[in-house]
Amino acid sequence: MKIWTERPARNDVEAVVRRYFSLLRAGRISEAEQLVEHASVRHVLESLWDGSVGASAEADEASGSRAAGEWEQDLSWLGELGLGDFAWGPAGSHPYVEITYRARTIEVALGFWVKPTDAGWVLAGPSTLW
């Protein structure tokens, strides 16, 4: 887990979020989990699926899109996700990032929390925001 001795700058936090997301996209889930004080990665992946491929499959059910249960067996869909814009909460400790699927912003965003611990400052999350 990334630990800062002082409260990190926004650019440093956003760099960790970008690294986390790039590891997810590459299917390197366990490595992504090690960057942040992590919530359930299964919940995060399922929410990303529901907001992207799952939503697309509902809109185009007749096309033979994959069933929602397949998201765990074939993570190739992660490669079609991207990061959108970052936003920060008013206190400066909660970054949020929009997620795109095939270059369109989806209804799910990821939220993080920069928090102090006994060891230093860490990035916790992500939460999924609908």
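Since we're looking at a predicted model, the values are computed, not measured.

Draft legend 1. The overall build of the protein chain, seen in detail. In terms of regular secondary structure, the protein chain is built from three helices and six strands. Sequence-distant contacts in the protein chain: of pairs separated by 6 or more residues, those separated by 24 or more amount to 48%. Surface summary for the protein chain: the accessible area is close to 7100 Å², and the carbon and sulfur share equals 47%.

Draft legend 2. Fine view of helix α1 (residues 10-25). Between its first and last C-alpha, α1 extends 22 Å over 16 residues, near the 22 Å set by a 1.5 Å rise per residue. Turning to α1, its buried residues are Val-13, Glu-14, Val-16, Val-17, Tyr-20, Phe-21, Leu-23 and Leu-24. Just downstream of α1 lies Gly-27, where phi reads positive at about 80°.

Draft legend 3. Focus on the nonpolar core. Ranked by internal contacts, the top residues of the largest apolar core, which has 34 residues, are Tyr-20 and Leu-123. Contributing elements (two or more residues each) for this core: α1, α2 (29-35), α3 (41-59), β3 (81-88), β4 (95-101), β5 (104-116) and β6 (121-129). Sorting elements by how many residues they give to this core places α1 first, with seven residues. When sequence neighbours within four positions are dropped, the list of residues in contact with Tyr-20 reads Ala-32, Leu-35, Val-36, His-38, Val-41, Val-44, Phe-112 and Pro-126.

Draft legend 4. Region of the structure containing the environment of Gln-34. Assignment of secondary structure puts Gln-34 in helix α2. Between the alpha carbons of Gln-34 and Met-1 there is a distance of 5.0 Å; along the sequence they are 33 residues apart. Ignoring sequence-local partners within four residues, the contact set of Gln-34 consists of Met-1 and Lys-2.

Draft legend 5. Local environment of the environment of Ser-127. Along the chain, the position of Ser-127 falls in strand β6. Residues Ser-127 and Trp-113 lie 14 residues apart in sequence; the distance between their C-alpha atoms is 9.0 Å. The contacts of Ser-127, once residues within four sequence positions are left out, are Ala-109, Leu-110 and Gly-111.

Draft legend 6. Just the pattern of salt bridges, in detail. With the rule as written, the count across this model stands at four salt bridges. When the shortest N-O distance is used, the salt bridge between Lys-115 and Glu-37 registers 2.5 Å. Note that Lys-115 is positioned in strand β5 and Glu-37 in strand β2 (residues 37-38), a separation of 78 residues in sequence. Taking the relative accessible area as the measure of exposure, Lys-115 reaches 16% and is therefore buried.

Draft legend 7. Quick look at the pairing of β6. Within β6, seven of the nine residues are buried, which leaves it mostly tucked inside the rest of the structure. Both strand β1 (residues 3-4) and β6 contribute to a ladder of two bridges, which runs antiparallel. Opposite Trp-4, over in β6, you have Trp-121 as the bridge partner. The sheet contact formed by β5 and β6 spans seven bridges and is antiparallel. Of the residues in β6, the one forming a bridge with Ala-109 is Leu-129. What sits between the antiparallel neighbours β5 and β6 is a turn of four residues, in which Gly-120 has the positive phi angle 145°.

Cut-offs and rules
- Residues numbered from 1 in each chain as written.
- Predicted model: local features only at pLDDT ≥ 70, side-chain atom pairs only at ≥ 80, totals over all residues.
- Heavy atoms only, no water.
- Helix = DSSP H or I, 4+ residues; strand = E, 2+ residues; numbered from the N terminus.
- Contact = heavy atoms within 4.5 Å.
- Areas by Shrake-Rupley, 256 points an atom, 1.4 Å probe, with all protein chains shown as cover.
- Expected span 1.5 Å × (residues − 1).
- Buried < 20%, exposed > 50% of the residue type's maximum accessible area, 1.4 Å probe, protein only.
- Core = buried A, V, L, I, M, F, W, Y, C linked by side-chain atoms within 4.5 Å.
- Salt bridge = Lys/Arg side-chain N within 4 Å of Asp/Glu carboxyl O.
- Pairing = 2+ DSSP bridges.

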